[in-house]
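A closer look at the structure
What follows is the residue order along each chain.
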Amino acid sequence: MEGAIESGAEIEQLHALLSAHFAGLRAERGDAPIYLFEHDFDNADLKMLSAAVRSSLARYPIESHWWVPRHLPLLVAATEIGYVYRGTGTDFWPIFGEQLGQTSLGDRGALSSLFRQSVARLGLAQPPETPWNFAFCHIAWPVLHAILPIELHQPLARAVRDVRSHIDLGASDAELIAPVRNRARLAGGVRLIAWLEDHYTAAAVIRQLLQPSGNHGITSSALKRIAADLAQNESANNALREARKRQRALEAQPKVRPRRRAEIEPKFAPLMLRKIEQRLSLALKIPQMEQAARDGARSALDAIRWRAFLWGDGRPVPGRNIFSDFPLPVQIDVFPEPDTPLIADVAALPIAQQAKDFLGSLRVASAAPILFSDFSDDGDALQRTGAVIADSGHCIVLVGPVQTAPPEAEQLGRVAGLRGYRLDVADPANQAWLASMGFAVRKTTRFSWIGDAEIEQHRPIRRFRVGSFIAFELSSPGGNCEARLTAPDGNQSVLSGTDTLLAGFAAKDVGLYRLRYGAGEEQLFEVIAVDDALRLLTIDIDAGTASTTDLADRQITLRFDSVATVQEAELQLMLYCDGRAVKVVREILPDTPCRLGGDHMIWDHLLDTDTVEQLLSARRAELCLTVAGLVETSFAFEQATAPFAWSKQADGQLVASDESGNLEVFAAVPQQPLMLAPGTNFATIDDVKLFRAGHGRPLQTGGYCVGPRIWRLGDAPSARKPDRLLRQFEVARARDCEADGRNIVDALIGWAAAGVDHPVTQFRRGQIVRQLEGWMVEQICGHAWSQRENALAEHKGRSFVEAFLAACARLNIGYCSLQMSRAQRALLDRILMRLIDARALPITLDTSREPIEEDVGVALDEVFYDAYVALADDIESVGDMCPFNLDDDVDVGEVSENWDKALRAAAREAALIELVDLLRPLDAGDTLSLADFESMLPDDVVDLLNDWISKNRPPHHARQWNRDLVESAYWLFARPAVAARLSWKAAAERLLADRFSARAIRYAALRAGTSLRVE
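Residues numbered from 1 in each chain as written. Predicted model: local features only at pLDDT ≥ 70, side-chain atom pairs only at ≥ 80, totals over all residues. Heavy atoms only, no water.

1. Digging into the overall build of the chain
A count of helical and extended segments in the chain gives 35 helices and 35 strands. Counting every position in the chain, which comprises 1015 residues, the buried fraction comes to 45%. Accessible surface for the chain amounts to roughly 50,900 Å². Of this, 50% is attributable to carbon and sulfur atoms. (Helix = DSSP H or I, 4+ residues; strand = E, 2+ residues; numbered from the N terminus. Buried < 20%, exposed > 50% of the residue type's maximum accessible area, 1.4 Å probe, protein only. Areas by Shrake-Rupley, 256 points an atom, 1.4 Å probe, with all protein chains shown as cover.)

2. Overview of the sheet that holds strand S22 (residues 537-542)
In any sheet, the strands associate via hydrogen bonds between backbone groups, in a parallel or an antiparallel arrangement. Here we have three strands laid out as an open sheet, ordered S22-S23-S26, and antiparallel in their pairing. The sheet terminates laterally at S22 and strand S26 (594-596), the two strands that pair on one side only. Neighbour to neighbour, the strand axes of the sheet diverge by 20° on average, direction disregarded. (Pairing = 2+ DSSP bridges. Axes fitted to C-alpha atoms, helices over the stretch in contact; angles between N-to-C directions.)

3. What about the nonpolar core?
Residues Trp751, Tyr970, Phe973, Leu991 and Ile1001 are the most contacted members of the largest nonpolar core, which totals 58 residues. What Ile1001 contacts, discounting residues up to four positions off in sequence, is Leu945, Ile949, Trp961, Ala969, Tyr970, Phe973 and Leu991. By size, the runner-up hydrophobic cluster in this structure holds 40 residues, among which are Phe323, Phe335, Val346 and Ala381. (Core = buried A, V, L, I, M, F, W, Y, C linked by side-chain atoms within 4.5 Å. Contact = heavy atoms within 4.5 Å.)

4. What to know about the environment of Thr445
With respect to the helices and strands, Thr445 occurs in the loop between strand S14 (440-442) and strand S15 (446-450). Judged by its relative accessible area of 14%, Thr445 is buried. Counting along the chain gives 55 residues from Thr445 to Thr500, while the straight-line C-alpha distance between them is 9.3 Å. Setting aside anything within four residues of it in sequence, one finds Thr445 in contact with Leu474, Ser475, Ser476, Tyr517 and Gly518.

5. Brief notes about the sheet that holds strand S3 (residues 279-284)
Pairing is antiparallel across the open sheet formed by four strands, whose spatial order is S6-S3-S2-S9. The open sheet terminates on both sides in strands that have one partner only, identified here as strand S6 (328-330) and strand S9 (380-382). Direction aside, neighbouring strands of the sheet carry axes that sit 35° apart on average.

6. A closer look at helix H24 (residues 783-791)
If you check which residues of H24 are buried, you get Trp785, Ser786 and Glu789. Buried residues of H24 fall within an arc of 100° about the axis and therefore sit on the same side. (Arc of directions from axis to C-beta.)

7. What to know about the confidence of the model for the chain
Confidence in the prediction of the chain, expressed as mean pLDDT, is 78, and 85% of residues score 70 or more. Of the regions scoring below 50 in pLDDT, residues 712-739 engages in 34 contacts with residues more than four places distant in sequence or in other chains. Scored below 50 in pLDDT, residues 1010-1015 makes 23 contacts in the model with residues more than four places away or belonging to other chains. (pLDDT = per-residue confidence, 0-100.)

8. Remarks on the packing of helix H8 (residues 153-161) against helix H13 (residues 234-252)
Relative to each other, H8 and H13 sit at 25°, their axes nearing to 8 Å. The orientation of H8 relative to H13 falls into the category roughly parallel. Classified by chirality, the crossing of H13 by H8 is left-handed. Every residue of H13 that contacts H8 at His153, Gln154, Ala157, Arg158, Val160 and Arg161 is listed here: Ser235, Ala236, Ala239, Leu240, Glu242, Ala243 and Arg246. Here the residues of the contact of H8 with H13 sort into six nonpolar, three polar and four charged. (Parallel < 35°, antiparallel > 145°, perpendicular 65-115°, else oblique. Left-handed = near helix turned anticlockwise from the far one by under 90°. Nonpolar A, V, L, I, M, F, W, Y, C, P; charged D, E, K, R; others polar.)

9. Some points on the packing of aromatic side chains
Scanning all chains against the criterion turns up 18 aromatic pairs. With a centroid separation of 5.2 Å and 50° between ring planes, the pair formed by Trp449 and Phe464 is classed as tilted. Taken together, the residues Trp449 in strand S15 and Phe464 in strand S17 (residues 462-465) connect sequence positions 15 residues apart. On the basis of relative accessibility, which here comes to 21%, the residue Trp449 falls in the partly exposed class. In this structure Phe464 comes out as buried when scored by relative accessible area, which is 3%. Ring-pair connections join several aromatic residues into one group, and the members of that group are Phe447, Trp449, Phe464, Phe472, Phe505, Tyr513, Tyr517 and Phe525. Here the basic side chain of Arg70 rests over the ring of Trp66, its NZ or CZ set 4.4 Å away from the ring centre. The side chain of Arg990 reaches across the aromatic face of Trp961, ending 5.9 Å from its centre. (Phe/Tyr/Trp six-rings, centres within 6.5 Å; stacked < 30°, edge-to-face > 60°. Lys NZ or Arg CZ within 6 Å of the ring centre and 35° of its normal.)

10. A short note on helix H32 (residues 963-974)
For an α-helix, 3.6 residues make a turn, and residues three or four places apart therefore share a direction. If you check H32, its first and last C-alpha atoms are 16 Å apart, about what 12 residues at 1.5 Å a residue would give, namely 16 Å. Most of H32 sits inside the fold, with 10 of its 12 residues counted as buried. Along H32, the residues classified as buried are Leu965, Val966, Glu967, Ser968, Ala969, Tyr970, Trp971, Leu972, Phe973 and Ala974. Capping of H32 at its N-terminal end is provided by Asn962; its side-chain oxygen lies 3.1 Å from the backbone amide nitrogen of Asp964. (Expected span 1.5 Å × (residues − 1). Polar contact = N/O pair within 3.5 Å; in protein donor to acceptor, adjacent residues only side chain to side chain.)

11. Details of the pairing of strand S2 (residues 271-276)
Note that S2 and S3 share six bridges and pair antiparallel. From the neighbouring strand, Ile276 faces S3, where its bridge partner is Arg279. Relative to S9, S2 runs antiparallel, the two sharing three bridges. The residue bridging Leu273 from the neighbouring strand is Ala381, located in S9.

12. Here we look at the pairing of strand S27 (residues 620-627)
A regular strand places its side chains on the two faces of the sheet in alternate fashion. As paired elements, strand S24 (residues 569-577) and S27 share seven bridges and run antiparallel to each other. Bridge assignment links Gln572 to a residue of S27, and that residue is Thr626.

13. Some points on the pattern of salt bridges
Enumeration over the complete set of coordinates arrives at 19 salt bridges. Glu522 is paired through a salt bridge with Arg516; the nearest N and O atoms lie 3.3 Å apart. Assessed through its relative accessible area of 30%, Glu522 is described here as partly exposed. Accessibility expressed as a relative area gives 43% for Arg516, which makes it partly exposed. Between Arg963 and Asp943 there is a salt bridge, with the nearest N and O atoms lying 2.7 Å from each other. Placement of Arg963 in helix H32 and of Asp943 in helix H31 (residues 938-952) is noted, with a sequence separation of 20 residues between them. Assessed through its relative accessible area of 25%, Arg963 is described here as partly exposed. (Salt bridge = Lys/Arg side-chain N within 4 Å of Asp/Glu carboxyl O.)

14. Here we look at the environment of Val869
The topology assignment puts Val869 in helix H27 (residues 854-877). Taking the C-alpha atoms as reference, Val869 lies 9.9 Å from Leu828; in sequence the two are 41 residues apart.

15. Considerations on the side chain of Arg559
One can find Arg559 in strand S23 (residues 557-562). Of the polar contacts made by the side chain of Arg559, one reaches the side chain of Asp964; its length is 2.9 Å. Look past the residues within four positions of Arg559 in its chain and what remains in contact with it is Thr538, Ile539, Asp540, Asp542, Cys594, Arg595, Asn962 and Asp964.

16. Some points on the environment of Trp67
With respect to the element layout, Trp67 can be found in the loop between helix H2 (43-59) and helix H3 (72-84). You can call Trp67 buried: its relative accessible area is 0%. Once residues lying within four places of it in the same chain are set aside, the contact partners of Trp67 are Ile11, Val53, Ser56, Leu57, Tyr60, Pro61, Ile62, Leu74 and Leu114.

17. Quick notes on the packing of helix H30 (residues 922-929) against H31
At a closest axis distance of 11 Å, the pairing of H30 and H31 adopts a crossing angle of 170°. If you check the angle between H30 and H31, you find them roughly antiparallel. Residue-level inspection shows Ala924, Gly925 and Leu928 of H30 in contact with H31, the latter providing Leu944, Trp948 and Asn952. Here the residues of the contact of H30 with H31 are counted per class, giving four nonpolar, two polar and no charged.

18. A short note on unusual backbone geometry
Cis geometry marks the peptide bond from Ala368 to Pro369; its omega dihedral reads 0°. Along the chain, Pro369 turns up in the loop between strand S7 (362-363) and strand S8 (370-373). A cis geometry characterises the amide bond from Thr592 onward to Pro593, with omega recorded as 0°. Relative to the helices and strands, Pro593 resides in the loop between strand S25 (580-589) and S26. Here Asp345, not a glycine, exhibits a phi torsion of approximately 55°, which is positive. When you line up the elements, Asp345 lands in the loop between S6 and helix H16 (353-360). Overall, Asp345 belongs to the exposed group, its relative accessible area being 61%. Here the phi dihedral of Ala416 falls at roughly 55°; this positive angle occurs in a residue that is not glycine. Mapped onto the elements of the fold, Ala416 is located in the loop between strand S12 (410-415) and strand S13 (418-424). With relative accessibility at 9%, the residue Ala416 sits in the buried group.

This is the structure in structure tokens:
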């Protein structure tokens, strides 16, 4: 590799040499990953390679095609830079520019493309999907191929030193890595923890460090170089020397024969089959331990942010979800064998043995065929563990692709490599096919009432009038029928027959009767002397914009609420179009309270092809609902304009049209965002405008913002203050508060959901949306609330850890009195937040309610000191002089009471206590303030609010909230652009009528950290 040859030819020779070397490694290694750091070059060769690459980069940029057929020398040179890259504090690309030449953004993307090309051709390692790799997608490639970058030498050596158990170098890679990973999690090294996830590479490096003489699956020259560089670091070398000494001592100890443990009985998690938009999906219902054991395991796994991989594959599942009662979605191509553990590698988890045994015992009965019950009203079917099926109703079976169901079976689709069929078990052909699959069909005795003597068919227990003749029929084809009637006084009478039994009696005694039949089935009914005329049932509807298209598209939900369960009541739906009856359907109402969504079968019967055609052509429709003997109500729907499209003419004028022709165009400007002015010659001008269209009045959809196409350097991107609108707003607020509130919400939805075509437009529209949001909050929550919220504006969006650090700085706790620049102080705060998160310290709103433990106080002292050490290293690594001396100037040692003060101050700020004082009832407001909103998903916040409102809403309010309305109201406060796709009109009406609930929803939106953010 010597000689002075032209750099282009030299690059080609180096590429050919590297290609042959890595191709040989691929042939030897099989499917194991290959790293570019295994190039086997010495220092002289690397210097020559770096010089050749630098010379060629001066003439050929990376994004030019010249590097595509000869890219390996460039990738090796980049990997060498990734090896010396030290993360935060030093940048990769400045080092790259200093050693090889400056790069553009296009060059960086081209470098990643060359790495991907080598992956496809040579099978090189690929960066895993981690937050760091997503954030630094181009740097991730060379850092990964450096195997163990220098920045990880010292953390790895310390983690291996701190392992207190014997590291078995002959064990599997996962077992070898487990104790080291646990120590890394305790130390808080985020980058090291992510590096240890690659078991193959991490095990090879650790084996090399503890046993230098062996062959460990990666080129020995690369591992020896890493070990030699690690020895240059005195701290890392001392830690590694102690680790080797401890491991030799542990290996010399006599092995304790483990006690034989009793075999753990597997626990099977039933599958759930779901049908969403005609597609099948699967979920798992995990069985649960006792509450105390479950809470302890969940807390321990939350502390280390453990994620489970079901069957060792797929998307990670948070540990808290494993210990919840909610089904876990499963995405899998083919089911593994039934004896395959659902969760593997649980031995190294820091939880009690009982929890380990529980997780390790989980299995799934995945052998086909798989039997499910029929779909419920929510679209879920639960796996049945038994092999006996009753011959009444329907069932669902998943079978292999080679098995074919009878023609009578309904095909549902495919999931997990299996075909789904829905069967009517009463059909003889289906029964024969199920028997061939190994399922036994049990003959059941069918029960039915005869006549119409029953009163009020909504009761949980059927009722009859005293003196009525009560008749029933039992049917058991080919079998015996027996009925045993027990009267209120305990007297019994028995009747029997074959095939069919018709029986009846005159009810003379008042009280509860019990009728037993078949294989233990039972019917309860009551005989009463007088009627109970109490009305129990109410009906509500969520119908979006209440248009006929919403009804035709089934974008509606019927909600039935009752103070007691209503069973087997008859529901009648009658549809009127322009005053004429079109269709009538009847169906048995599910047990109340319940809801009938757009996927319920009753809509299939009501909205057939002919009915939908008449519905869409009608200007007005009315849906009448009747529950026999209980309630009658109706809901109106109006025709809405079909979806329309915007177009721009050559002169810049905007035109909107649908199938009926051109629509009227309305516009609003920042000076008057509430006023939509109609016109005919609207064109794009310099200022931002909101355009809406409609027939006679603007529609709520299709907002379109336009603005300046050129952003000049001297332009100040700011909207003029709408002084005129402010005066109008004050007058309107004094005249009609609720009406003005509706106008504000309407304008807010229009501006927030409008399309954006330019950065200046986006900025100005954001100002308008923020102004409208402030007005909406004042209208809905009141002037006092708005004033306090504005006073707390600087604290919005601040996390609890940020509030804690701000309190420490304000109270002079933890921070030392040092002369630092603003940039250095900001960097110190970022380091502190990273260390607190990495070490999983309990700095949360929940922990602020109790005095801090002394161990946590010591840990906080160490965090602040380590932050100053990291800050000093970062400052000195870029060539600057550190403004303080660690030995003389940094003295962090606070008593636990001081940390308590900072936590309490942060809790008051993060919980927005000033706003909690305005929540009513007072005790309910305090309860809401204790929720940990930072760790909750939006759905969790909505569920919490729905439960809170149902318990604490004012009793004098006649109309009730439901979850859909709570969700729409939450997003109206949190992100209006999302609320535009929900039932925001109904939510706005409910908010204007219920200020108590509105304040609670606004408080949750502020605490969740999503409020006042514009898309």
